[in-house]
Amino acid sequence: MCDYSLAGVPNRLAEEGERLVACRFSTGSMGLASDASLWRSLFRENPAVCVPPGARLLLRDIPKDLQRQLDVQATEEVTFVQLSAEAYEYRDAVRFRNGREVLLQRLKCGQRVKVLSLCCDDSRDEEHQRREEEYRRIFVG
């Protein structure tokens, strides 16, 4: 949800529909912050915004060199993933539809991100199926 390097930074969970910006925190690590809070506070550090694995994001302003390297467009829908569970290792990343992955550390400052959904499609499908089964059990018998 938030790389180990942001543990000392105030943080909070992302909200669906929220607009975020990639920024470098006092720890030297890249992370995500609310685009609204970035411009309101110039004299104190903004909280890191933690995104759960499986969340769907709209990643904008992808640098040209990264576009070429990953074979993606300037704006892409991505899935937030964690590449490792190892301590003291960057793990927060995004996975593109083509399967390529990139650590948040490789994003550029100011890159815009919109939170589309905090859960992955799989969990939505599972929730839908669970509700259908419950409906059948109650109303169909």
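Quantities reported herein were computed from a predicted structural model and do not represent experimental measurements. (Residues numbered from 1 in each chain as written. Predicted model: local features only at pLDDT ≥ 70, side-chain atom pairs only at ≥ 80, totals over all residues. Heavy atoms only, no water.)

**Overview of the overall build of the protein chain**
Phase 1 of the analysis: Counting its regular elements, the protein chain contains 3 helices and 9 strands.
Phase 2 of the analysis: Counting from the amino terminus, helix and strand elements in the protein chain follow one another as β-β-β-α-β-β-α-β-β-β-β-α.
Phase 3 of the analysis: Evaluated residue by residue, the protein chain yields a buried proportion of 40% over its 141 residues.
Phase 4 of the analysis: For the protein chain, restricting intrachain contacts to residue pairs at least 6 apart in sequence, the fraction spanning at least 24 positions comes to 56%. (Helix = DSSP H or I, 4+ residues; strand = E, 2+ residues; numbered from the N terminus. Buried < 20%, exposed > 50% of the residue type's maximum accessible area, 1.4 Å probe, protein only. Contact = heavy atoms within 4.5 Å.)

**Thoughts on the pattern of salt bridges**
Phase 1 of the analysis: Following the criterion strictly, the structure yields 5 salt bridges and no others.
Phase 2 of the analysis: With a closest N to O distance of 2.3 Å, Arg12 and Glu18 form a salt bridge.
Phase 3 of the analysis: What makes Arg12 partly exposed here is its relative accessible area of 28%.
Phase 4 of the analysis: Between Arg112 and Asp61 there is a salt bridge, with the nearest N and O atoms lying 2.8 Å from each other. Of this pair, Arg112 sits in strand E9 (residues 112-117) while Asp61 sits in the loop between strand E5 (56-59) and helix H2 (64-70); the two residues are 51 residues apart in sequence, bridging distant segments of the chain.
Phase 5 of the analysis: Taking relative accessible area as the criterion, Asp61 reaches 26% and is therefore assigned partly exposed.
Phase 6 of the analysis: Among the charged side chains, a network of salt bridges with common partners joins Arg56, Glu77 and Arg97. (Salt bridge = Lys/Arg side-chain N within 4 Å of Asp/Glu carboxyl O.)

**Looking at empty space enclosed by the protein**
Phase 1 of the analysis: Here the structure, examined in full by the defined rule, presents 2 cavities of 30 Å³ or more.
Phase 2 of the analysis: The space that makes up the second largest cavity amounts to roughly 30 Å³.
Phase 3 of the analysis: Along the lines of polarity and charge, the residues of the lining of the second largest cavity split into 8 nonpolar, no polar and no charged. (1 Å grid on protein atoms, 1.4 Å probe; cavity = no way out; pocket = protein on both sides within 12 Å on 5 of 7 lines; lining within 4 Å. Points joined across faces, edges and corners; volume = space filled by probe spheres on them. Nonpolar A, V, L, I, M, F, W, Y, C, P; charged D, E, K, R; others polar.)

**Comments concerning unusual backbone geometry**
Phase 1 of the analysis: With phi around 60°, Asp61 is a residue other than glycine that occupies positive phi space.
Phase 2 of the analysis: Phi angles above zero are rare outside glycine, and Asp71 is one such case at about 60°.
Phase 3 of the analysis: As for its position among the elements, Asp71 is in the loop between H2 and strand E6 (76-82).
Phase 4 of the analysis: Overall, the relative accessible area of 61% leaves Asp71 in the exposed class.

None of this, on its own, says anything about what the molecule does.
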